[in-house]
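Structural characterization, general
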Amino acid sequence: MAKSTFSLPYKHPFAPDSQYKKSVAYFSMEFAVDQALKIYSGGLGFLAGSHMRSVYALKQNLIGVGMLWKYGYYDQGRAKDGSMQPEFREKMYSFLTDTTIRFQIPVMGKKVWVAAYYLDPEVFKTAPMFLLTTDTDGNDDTTRAISYSLYDADPTYKVAQCMVLGIGGARLLEELGYEPEVYHLNEAHAVSAVFSLYKKYGKVDEVKKRVVFTTHTPEEAGNEKHEIGFLEKLGFFSGLDLPTIKKISGMKDNIFNHSLAALSLSRNANGVSKLHGEVSRGMWKAYPGIAPIGHITNAQNNTYWVDPQLEQARIDQDTDRIAARKKELKAVLFKTVADQCGKIFDPNVLTIVWARRFAAYKRPDMLAWDMNRFTRMMNNIQQPVQVIWAGKPYPKDEDAVNTFNRLFYLSHLYPNLAVLTGYELALSKLLKDGSDIWLNTPVVTREASGTSGMTAAMNASLNLSTFDGWICEFAKDGENSFLLPVAKGDDINKQDCDNLMEKLEREVIPTYYNGQKKWRQMVLNSMNDVNVPFNSDRMAREYYEKLY
């Protein structure tokens, strides 16, 4: 392996492009840069990973600051009956460099040692990244456990994790002798960093001129909140007194809102799609002192995600070659289906995939809500379909785990239905390559952006979606995707389900079997339309132009 570019005092290993000279430290709780580095759970990590790859491609002066999770998020194993079962196993990474940096920060009433590891940019062609862990000598079992599992279910540990990322991340930069011009908080997990900055500089203006914030939360209830005394006891505010905290973070009572504090102490902020920017401005309009909220639509890294043969066929505008390559890629995916499920799928059959984090608002099982219509579709021999579900629920979300397992048990009834475990970067890539239809069913306005459909479209899959998040900026119904009308009134679930089945029965399935010329043109349109606007190179550029 090439020699690591790490030394002290730290200097960025890139000679930055002249457009991107401003130095940035990008704080994120999770990064999905490669299948081999399991420090992510889902969409936030996929986004941050693509961003780090585009930083490398564009030679931007940015470093990533994250966490080294001992057990990752979790491994999605199977119980004896085949249903999903969360498993927690230690991960080891010989490709990380131990910086030998060790420092202590006060967390949970203890002095906690933090160790820093370095991901050299040449390992995965990313920004240089620093990953923090408390699983190091000098800590007892309780404090080592802070960095065991991403998004710990215990509120005390979850906050402690945020403190290691925020306070620890800010302290790491001091240890590196590296003072960035911009601290970019990707979500509010690292907001504790702003209080250590305030303690350092003593003025709100000095903090604000350095901090920018990206919000990913489309509704007020989704913003993390804690009682201020609880946070103070854990050491969240770096020893600042509570009247000061309340004053500078926009608080009106004793409930600390992490996103509001980030907005109050940033000079600039953004939502992650055009619609989400509008929703966010509406949500926070009662707070006049916050940063202006624009939008930079999420994107994914073409170079990492796109099949090279599909991309060349797109450039050549060769729809026959795209269709032929698609069948080859379906056959590759179907080996995993056969391996996990003991089912033989056919590359000539329309294949519908729903794959992402299992969460109630994403409505993973909508396709099977109307069992009469679902059964009729699954049993149709003239125009057959194959359906695949995959995705990781939050391990303590019993409802989401039960939904996953209910679909798994349902799959026993149909030889053309598969439920796959292990939804990480590698399986995600196989599913994007091997799907004909990428199904996306969130409640409208609940999905800030969503990005899985972008990489599906890059790989010749058509989106079938409700009108939410990034889809609003991309989809043209019947031209590059299939759109469901926006449900209105009381029972939006029934409307969306009815509209979904109607769309499948009357348009999607008949077009695949009876209108291949139109289907292939839609696929080409979709690949062309997603190519530049939803490539993370565009997004990484816009962060420099609009936010930094």
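This structure is a prediction, so every number in the text was calculated from the model and none was measured.

An order of S16-S15-S14-S17-S18-S19 is seen for the six strands of this open sheet, with the pairing classed as parallel. Each edge of the sheet is formed by a strand with only one pairing partner; in this case those strands are strand S16 (417-420) and strand S19 (481-483). Averaged over all pairs of adjacent strands, the angle between their axes in this sheet comes to 20°, without regard to strand direction. Bridge count for strand S17 (residues 437-440) against strand S18 (residues 462-465) is four bridges, and the pairing is parallel. In the sheet register, Ile-437 faces S18, and the bridge partner there is Leu-462. Helix H15 (residues 398-411) contacts strand S15 (385-390) and S16 of the sheet and is inclined by roughly 145° relative to S16.

A few words now on the pairing of strand S5 (residues 97-107). Across eight bridges, S5 lies against strand S6 (residues 110-119) in antiparallel orientation. Of the residues in S6, the one forming a bridge with Arg-102 is Ala-115. Between the antiparallel neighbours S5 and S6 lie two residues, among them Met-108 with a positive phi of about 55°.

Turning to helix H21 (residues 536-547), a few remarks are in order. Burial of H21 is extensive: nine of the twelve residues sit out of reach of the surface. Taken residue by residue, H21 has Ser-536, Asp-537, Arg-538, Met-539, Ala-540, Glu-542, Tyr-543, Tyr-544 and Leu-547 as its buried positions. Residues of H21 that are buried sit in contact with strand S1 (24-27), helix H1 (43-58), strand S2 (62-67), strand S8 (182-186), strand S9 (211-214) and strand S12 (268-271).

What follows covers the pairing of S16. With burial as the criterion, each face of S16 is covered, one bearing Leu-417 and Val-419 and the other bearing Ala-418 and Leu-420. Here S15 pairs with S16 via four bridges, running parallel. Looking at the pairing, Ala-390 lines up with Leu-420 of S16. The parallel pair S15 and S16 is bridged by H15, and the resulting crossover is right-handed.

Contact geometry of helix H12 (residues 308-315) with helix H13 (residues 319-341) gives a least axis separation of 9 Å together with a crossing angle of 170°. Judged by the inter-axis angle, H12 sits roughly antiparallel to H13. The hand of the H12/H13 crossing is left-handed. Contact with H12, carried on its side by Gln-309, Leu-310, Gln-312, Ala-313 and Arg-314, involves Arg-321, Ile-322, Arg-325, Lys-326, Glu-328 and Leu-329 of H13 and no other residues of that element.

On to unusual backbone geometry. Among all residues except glycine, the phi angle is most often negative; among peptide bonds, the trans geometry is most common. Pro-9 follows Leu-8 through a cis peptide bond whose omega is -10°. Within the fold, Pro-9 resides in the segment before S1. The phi dihedral of Gln-317 is positive, around 55°, even though this residue is not glycine. Looking at where Gln-317 falls in the secondary structure, it is placed in the loop between H12 and H13. In this structure Gln-317 comes out as partly exposed when scored by relative accessible area, which is 43%. With a phi angle near 50°, Arg-363 is a residue other than glycine that sits in the positive phi range. With respect to the helices and strands, the residue Arg-363 is situated in the loop between strand S14 (350-355) and helix H14 (371-378).

For the structure on display, the rule yields 38 salt bridges. Taking the shortest distance from any N to any O, the salt bridge between Asp-320 and Arg-520 comes out at 2.7 Å. With Asp-320 in helix H13 and Arg-520 in helix H20 (residues 516-531), this pair connects stretches of sequence that are 200 residues apart. When the shortest N-O distance is used, the salt bridge between Asp-498 and Lys-494 registers 2.6 Å. Of this pair, Asp-498 and Lys-494 both sit in helix H19 (residues 492-514), four residues apart, roughly one helical turn. By relative accessible area, which is 25% here, Asp-498 ends up partly exposed. A relative accessible area of 49% means that Lys-494 is categorised as partly exposed.

Attention now goes to the environment of Met-29. Secondary-structure assignment places Met-29 in the loop between S1 and H1. Apart from the residues within four sequence positions on either side, Met-29 is in contact with Ile-39, Met-67, Trp-69, Leu-150, Tyr-151, Gln-161, Cys-162, Leu-165 and His-189.

Moving on, we come to the packing of aromatic side chains. All told, the structure shown has 40 aromatic pairs when counted by the stated rule. Measuring from centroid to centroid gives 5.2 Å for Tyr-20 and Tyr-544, while their planes differ by 70°, and the two rings are edge-to-face. Highlighted residues: Tyr-20 in the segment before S1 and Tyr-544 in helix H21, separated in sequence by 524 residues. Aromatic pair Tyr-512 and Trp-519: ring centres 5.0 Å apart, planes at 85°, arrangement edge-to-face. No difference in accessibility class separates Tyr-512 from Trp-519, as the two residues are buried. Taken together, Phe-6, Tyr-10, Tyr-118, Phe-130 and Tyr-178 form an aromatic cluster joined through their ring pairs.

Here Val-332 lies in helix H13. Residue class for Val-332 comes out partly exposed when judged on its relative accessible area of 40%. Taking the C-alpha atoms as reference points, Val-332 and Leu-431, separated by 99 residues in sequence, lie 9.6 Å from one another.

It is worth spelling out the sheet that holds S12 at this point. Note: strands within a sheet are paired through backbone hydrogen bonds, in either parallel or antiparallel orientation. If you trace the nine strands from one edge of the open sheet to the other, you get S5-S6-S7-S2-S1-S8-S9-S12-S13, paired in mixed fashion. With partners counted over all chains shown, the strands left at the sheet margins are S5 and strand S13 (293-295), one partner each. Ignoring which end each strand starts from, the neighbouring axes of this sheet average 25° apart. Pairing of S9 with S12, which is carried by three bridges, proceeds in the parallel orientation. Paired with Val-212 across the bridge in S12 is Asn-268.

What counts as what
Residues numbered from 1 in each chain as written. Predicted model: local features only at pLDDT ≥ 70, side-chain atom pairs only at ≥ 80, totals over all residues. Heavy atoms only, no water. Pairing = 2+ DSSP bridges. Helix = DSSP H or I, 4+ residues; strand = E, 2+ residues; numbered from the N terminus. Axes fitted to C-alpha atoms, helices over the stretch in contact; angles between N-to-C directions. Contact = heavy atoms within 4.5 Å. Buried < 20%, exposed > 50% of the residue type's maximum accessible area, 1.4 Å probe, protein only. Right-handed = clockwise from strand over helix to strand, strands pointing away. Parallel < 35°, antiparallel > 145°, perpendicular 65-115°, else oblique. Left-handed = near helix turned anticlockwise from the far one by under 90°. Salt bridge = Lys/Arg side-chain N within 4 Å of Asp/Glu carboxyl O. Phe/Tyr/Trp six-rings, centres within 6.5 Å; stacked < 30°, edge-to-face > 60°.

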